[in-house]
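Read off the chains here:
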Amino acid sequence: MTKAIRAKISALGTYVPPRLLTNADLERMVDTNNEWIMTRVGIRERHIAEKGVATSDLAVEASRKALAQRGMEPSQIEAIVVGTVTPDMFFPSTACIVQNKLGAKGAWGFDLSAACSAFVYSVQVGAQFIASGAHKRVLAIGSDVMSSIIDYTDRATCVIFGDGAGAAILEPAENDSEGLIDFIHEVDGSGGQFLYMPGGGSLHPTSKDTIAKKMHYVHQDGQQVFKFAVRKQTELCLKLLERNGLKGSDVDVFIPHQANLRIINATAERLGLRAESVIVNIDRYGNTTAGTIPLAMNTAMEEGKLKKGSLVLLASVGAGFTIGATLLRWAF
Ligand code: UT7
C-alpha cells in the first residue's frame with residue numbers, strides 16, 4: 001500500500017460581518033441581562049449579517065483572505081467543501097455559489113452538514129483528497145449566518161449565536177513535522193432531539209402551520225447539550241492524546257468550539273491543559289456554529305500563540321450530535 005500523503009493547513013482566512021449585536025441591544029429585545037449572559041455563557045457581543053448577506057458571502061470573504069495570504073489564485077483551488085447549517089438555499093449547494101463568486105473555475109465541491117463540527121469535518125474530508133493524491137489544493141470552509149434561523153423573541157437561544165466564517169487552504173505537508181496528525185470523529189444521532197431546526201425540510205415542508213409553530217428556528221435543550229458537550233469533548237480529546245502518546249500539558253494551543261465559556265473551561269480542566277494554551281474568543285463572536293474554530297485559530301494567531309510547529313488540539317461538539325477532535329502541527 002502506498003503511504004498516505006499528510007495534509008497541512010497552509011493558509012487561513014476569516015470574516016465576520018461588521019454589524020454588532022451587544023448584550024445591551026438584547027436587553028432591549030428580550031427579558032435578559034448582561035450579567036446572566038456573561039456568567040452563564042461568556043458572550044459580550046456577536047456580529048450579525050445585514051439582510052441580503054448570505055453564508056456564501058461570508059465564506060467568499062474568508063476564502064479571499066486565505067488565498068491572498070498564500071498568494072494563490074482562485075483558479076488553483078481544486079475542491080471546495082463548505083460546512084454549514086445555514087446554506088444560502090437548499091440547492092444549489094453553497095459550495096457551488098462560492099465557486100462561482102470566487103471564480104474558482106477549476107474546482108468542484110459540495111456542502112457538509114455537521115453543525116458546530118462542520119469546519120473540523122470539512123478539514124478532514126479535504127485532507128482525505130490530499131492523502132489519496134486526488135487533489136493538491138482544497139478549500140475547507142466553515143460558514144454560518146445563524147441570525148437567519150434564530151428566533152429573536154426566544155431568550156434561551158437568541159443571546160448565544162452570531163454570524164461568521166473561516167476558510168482554510170489544505171495542501172500536502174512538506175514532511176511529518178507539520179500538518180494533520182490524527183483525528184477522531186463520532187456522531188450520536190440519539191441526541192438529535194436536543195438541538196435541531198424541525199421545519200422546512202422534507203419531513204415538515206414550510207407551510208403556514210410550520211411557521212406559526214416557529215419550526216423554522218433553532219430549538220435547543222441547553223442543559224442536555226451542555227452535559228453531552230463536556231463529557232464527549234473530553235472523552236474524544238483524551239483518547240486522541242493517549243493514542244498519540246501525549247498528555248494535555250503537551251498541547252501548545254487548544255482550539256475548542258466556542259459555545260459556552262463554562263464548557264470550554266470544564267473541558268480544559270479535565271484535559272489538564274495549561275491555562276495559556278486555551279483559546280477563547282466567545283466574548284467577541286458568540287457561537288458562530290461552523291465559524292468558531294477558524295475564528296479561534298485566527299485569534300490564536302493574533303495573540304501570537306499559534307506559530308509554525310505549534311501542537312494544536314481542535315475540539316468540537318454540535319447538533320446531531322456530532323463530535324470531533326483533531327491533532328495537528330501548525331504549518332506557517
Ligand atoms: O453549539 C452547539 C452546541 N450548543 C451548546 O453547546 C449549548 C450548550 N448549552 C448551554 O450553553 C447552556 O445550557 C445555555 C447557555 C443554553 C443555558 O444555560 P443554563 O445555565 O443551562 O441555563 P438553563 O437553561 O438551565 O436556565 C437557567 C435559568 C432559567 O430560569 P429558571 O427556570 O431557573 O427561572 C431560564 O429560564 O435561566 C433562564 N434563562 C435566562 N435568563 C436570562 C435562560 N435564558 C436566559 C437569558 N437571560 N437569556
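Structure shown above.
1. A look at the site of the ligand
(1) Moving on: Taken together, 22 residues form the shell around the ligand, and within it Thr 32, Arg 40, Gln 223, Asn 260 and Asn 287 come nearest.
(2) Moving on: The side chain of Arg 155 places a nitrogen or oxygen atom 2.9 Å from an oxygen atom of the ligand.
(3) Moving on: One nitrogen or oxygen atom from the side chain of Asn 260 is found 2.7 Å from an oxygen atom belonging to the ligand.
(4) Moving on: Its free accessible area being 950 Å², the ligand has 73% of it covered by the protein chains.
(5) Moving on: At four residues, the largest contribution of residues to the shell around the ligand is made by helix α8 (residues 222–243).

2. Regarding the nonpolar core
(1) Moving on: By size, the foremost hydrophobic cluster in this structure holds 44 residues, and its most contacted members are Val 218, Cys 237, Phe 254, Leu 273 and Leu 313.
(2) Moving on: Of all the elements in the fold, those that place two or more residues in this core are α8, α9 (261–271), β12 (311–318) and β13 (322–329).
(3) Moving on: No other element matches the eight residues that α8 contributes to this core.
(4) Moving on: There are two domains that each give this core at least three residues, and those are domain 1 (7–172) and domain 2 (179–329).
(5) Moving on: Residues contacting Val 218, with those up to four places away along its chain left out, are Met 146, Ile 149, Ile 150, Thr 157, Phe 161, Leu 195, Tyr 196 and Met 197.
(6) Moving on: By size, the runner-up hydrophobic cluster in this structure holds 33 residues, among which are Leu 12, Leu 112, Val 123 and Ala 168.

3. Regarding the packing of helix α3 (residues 55–70) against helix α4 (residues 94–102)
(1) Moving on: Orientation of α3 relative to α4, taken along the N-to-C sense of each, is 50 degrees, at an axis distance of 9 Å. Taken together, the axis directions place α3 and α4 in an arrangement best described as oblique. For the pair α3 and α4, the sense of crossing is right-handed. Of the residues in α4, those in contact with Thr 55, Ser 56, Asp 57, Ala 59, Val 60, Ser 63, Arg 64 and Leu 67 of α3 are Thr 94, Ile 97, Val 98, Lys 101 and Leu 102.
(2) Moving on: Taken together, the residues that form the contact of α3 with α4 break down as six nonpolar, four polar and three charged.

4. Overview of unusual backbone geometry
It is generally the case that most residues other than glycine have a negative phi and that most peptide bonds are trans.
(1) Moving on: The omega torsion across Phe 91 and Pro 92 is 5 degrees, close enough to zero to call that bond cis.
(2) Moving on: Here Lys 214, not a glycine, exhibits a phi torsion of approximately 60 degrees, which is positive.
(3) Moving on: Within the secondary structure, Lys 214 is located in the loop between α7 (208–212) and β10 (219–220).

5. Notes on the environment of Gly 272
(1) Moving on: Examined against the element boundaries, Gly 272 turns out to sit in the loop between α9 and α10 (282–285).
(2) Moving on: Separated by 227 residues in the primary sequence, Gly 272 and Glu 45 have C-alpha atoms spaced 29 Å apart.
(3) Moving on: In contact with Gly 272, other than residues within four places in its own chain, are Gly 248 and Ser 249.

6. Focus: the sheet that holds β12
(1) Moving on: On the basis of which strands lie adjacent, the open sheet formed by four strands has the order β8-β13-β12-β11 and mixed pairing. This sheet does not close on itself; its edge strands, each paired only once, are β8 (179–187) and β11 (253–256). Along the sheet, successive strands turn relative to each other by an average axial angle of 10 degrees, direction set aside.
(2) Moving on: Pairing of β12 with β13 involves eight bridges; the strand directions are antiparallel.

7. Digging into the packing of aromatic side chains
(1) Moving on: Tallied over the entire structure, the rule returns five aromatic pairs.
(2) Moving on: Pairing Phe 228 with Phe 321 gives two aromatic rings, centres 4.1 Å apart and planes at 15 degrees, and the pair type is stacked. Here the residue Phe 228 occupies a position in helix α8, and Phe 321 occupies one in the loop between β12 and β13, the gap between them amounting to 93 residues.
(3) Moving on: One aromatic cluster is present, formed by Trp 108, Phe 110 and Phe 129 through successive ring pairs.

Definitions and cut-offs
- Residues numbered from 1 in each chain as written.
- Predicted model: local features only at pLDDT ≥ 70, side-chain atom pairs only at ≥ 80, totals over all residues.
- Heavy atoms only, no water.
- Near = heavy atom within 4 Å.
- Polar contact = N/O pair within 3.5 Å; in protein donor to acceptor, adjacent residues only side chain to side chain.
- Areas by Shrake-Rupley, 256 points an atom, 1.4 Å probe, with all protein chains shown as cover.
- Helix = DSSP H or I, 4+ residues; strand = E, 2+ residues; numbered from the N terminus.
- Core = buried A, V, L, I, M, F, W, Y, C linked by side-chain atoms within 4.5 Å.
- Buried < 20%, exposed > 50% of the residue type's maximum accessible area, 1.4 Å probe, protein only.
- Domains from an automatic or database assignment.
- Contact = heavy atoms within 4.5 Å.
- Axes fitted to C-alpha atoms, helices over the stretch in contact; angles between N-to-C directions.
- Parallel < 35°, antiparallel > 145°, perpendicular 65-115°, else oblique.
- Left-handed = near helix turned anticlockwise from the far one by under 90°.
- Nonpolar A, V, L, I, M, F, W, Y, C, P; charged D, E, K, R; others polar.
- Pairing = 2+ DSSP bridges.
- Phe/Tyr/Trp six-rings, centres within 6.5 Å; stacked < 30°, edge-to-face > 60°.

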